[in-house]
Amino acid sequence: MLTAKQHELLLFINRRLEDSGISPSFEEMKEALDLKSKSGVHRLISALEERGFIRRLPNRARALEVVKMPEDVGARGADTVAKVTTPPASNPEPANDVIEIPLHGRIAAGVPIEALEDSQTLPVPAALLGSGEHYALEVSGDSMVEAGIFDGDFALVKKADTARDGDIVVALVNDEEATLKYLFHDGSRIRLDPANASYDPQVYEGKQVKVQGKLAGLLRRYH
């Protein structure tokens, strides 16, 4: 069962593909559905993708394919399409859609530091994010350098509360400190491993550690 907005977006994407063969941009989808931000579009697309209605084609930010339509599209289609304002067709634009995701603050890649609350957002190319809900954290420290993660990088994190051994995760320790590490289960304990020979693994009782997300990508600024 799709929500009304998911249904509207699916119909809008399908109609644009039929008319021009080109996926609408995030800006066009935002305007068509009268949403306040592109982040709302990203969440709707992720939901449609997870439910198997659309598919993102690799290596192209704006390449969407409609896999299937709802069974009730015939009954609801006309009414729903009428609510969607279709922007005028235009020439293909570069695949440069950018969305804003929450930037929670700095996270230690060395000794755990206090986790910060939401303070701002970070613009991220949509092509870097897959399905699901994401947020960003600025990396502080050098304990993950051997994994290619450096001080000042922005970790793009997919929200999750479970992880497999060997995943790089955001781990919340004792409900107050966050760190970016490899996660391993060691019996009833959790081991958080650095990627720097100068640092030792951190071992905690299982109940002390909560997975807050898994690393999905990195952004780096060059000065």
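Below is a short write-up of the structure. Every value quoted in this text rests on a predicted model; they were computed, and no experiment measured them. (Residues numbered from 1 in each chain as written. Predicted model: local features only at pLDDT ≥ 70, side-chain atom pairs only at ≥ 80, totals over all residues. Heavy atoms only, no water.)

Next up on the list: the overall build of the chain. Secondary structure summary: the chain contains four helices and 12 strands in total. Counting every position in the chain, which comprises 223 residues, the buried fraction comes to 43%. Long-range contacts, defined as pairs at least 24 residues apart, comprise 62% of the intrachain contacts of the chain with a sequence gap of at least 6. Accessible surface computed for the chain: about 12,100 Å², of which carbon and sulfur atoms make up 48%. (Helix = DSSP H or I, 4+ residues; strand = E, 2+ residues; numbered from the N terminus. Buried < 20%, exposed > 50% of the residue type's maximum accessible area, 1.4 Å probe, protein only. Contact = heavy atoms within 4.5 Å. Areas by Shrake-Rupley, 256 points an atom, 1.4 Å probe, with all protein chains shown as cover.)

In this section: the environment of Lys-210. You can see Lys-210 is positioned in strand 12 (residues 209-219). Overall, the relative accessible area of 41% leaves Lys-210 in the partly exposed class. With 32 residues separating them in the primary sequence, Lys-210 and Ala-178 have C-alpha atoms 9.4 Å apart. For Lys-210, the residues in contact, after removing those within four places along its chain, are Val-170, Ala-171, Leu-172 and Asp-175. A polar side-chain atom of Lys-210 sits 3.0 Å from a polar atom in the side chain of Asp-175. (Polar contact = N/O pair within 3.5 Å; in protein donor to acceptor, adjacent residues only side chain to side chain.)

What follows covers the packing of aromatic side chains. Throughout the structure, instances matching the rule amount to zero aromatic pairs. For Lys-68, the ring lying beneath its charged end belongs to Phe-53, and the centroid distance is 4.8 Å. (Phe/Tyr/Trp six-rings, centres within 6.5 Å; stacked < 30°, edge-to-face > 60°. Lys NZ or Arg CZ within 6 Å of the ring centre and 35° of its normal.)

A word on helix 1 (residues 4-20). Here helix 1 contains 17 residues, and its C-alpha end-to-end distance of 24 Å stays within 8% of the 24 Å for a straight helix at 1.5 Å per residue. Every buried residue of helix 1 is accounted for by Gln-6, His-7, Glu-8, Leu-9, Leu-10, Leu-11, Phe-12, Ile-13, Asn-14 and Arg-16. Note on helix 1: the residue one or two positions beyond its end, Gly-21, has a positive phi of about 75°. (Expected span 1.5 Å × (residues − 1).)

Pairing geometry for strand 3 (residues 98-108) and strand 5 (residues 120-125), over six bridges, is antiparallel. Within strand 5, the position partnered with Pro-102 by the bridge is Thr-121. Inspection of the sheet shows strand 3 paired to strand 6 (residues 134-140) by four bridges, in the parallel sense. The residue of strand 6 that forms the bridge with Ile-107 is Val-139. (Pairing = 2+ DSSP bridges.)

Attention now moves to the side chain of Ser-23. Here Ser-23 lies in the loop between helix 1 and helix 2 (26-32). Only 2.8 Å separates the side chain of Ser-23 from the backbone nitrogen of Leu-64, close enough to count as a polar contact.

So, about the pattern of salt bridges. For the coordinates displayed, the defined rule picks out 10 salt bridges. The residue Arg-106 makes a salt bridge to Asp-151 at a minimum N-O spacing of 3.8 Å. Highlighted residues: Arg-106 in strand 3 and Asp-151 in the loop between strand 6 and strand 7 (154-159), separated in sequence by 45 residues. In this structure Arg-106 comes out as partly exposed when scored by relative accessible area, which is 33%. The residue Asp-175 makes a salt bridge to Lys-210 at a minimum N-O spacing of 3.0 Å. Linking Asp-175 in the loop between strand 8 (168-173) and strand 9 (177-186) with Lys-210 in strand 12, this pair joins segments that are 35 residues apart in sequence. Several salt bridges converge on common partners, so that one network encompasses Arg-106, Glu-138 and Asp-151. (Salt bridge = Lys/Arg side-chain N within 4 Å of Asp/Glu carboxyl O.)

Bringing the environment of Val-157 into the picture now. Mapped onto the elements of the fold, Val-157 is located in strand 7. Along the sequence, Val-157 and Leu-218 sit 61 residues apart, while their C-alpha atoms lie 8.8 Å from each other. Beyond its immediate stretch of four places on either side in the chain, Val-157 contacts Glu-133, His-134, Tyr-135, Leu-137, Val-170, Gly-213, Lys-214 and Ala-216.

Pairing analysis gives five bridges linking strand 9 to strand 10 (residues 189-193), with the strands arranged antiparallel. Bridge assignment links Tyr-182 to a residue of strand 10, and that residue is Asp-193. Linking strand 9 to strand 10, which pair antiparallel, is a turn of two residues; within it Gly-187 sits at a positive phi near 65°. By the bridge criterion, four bridges tie strand 10 to strand 11 (residues 202-205) in an arrangement that is antiparallel. Pairing of Arg-189 across the sheet is with Glu-205, part of strand 11.

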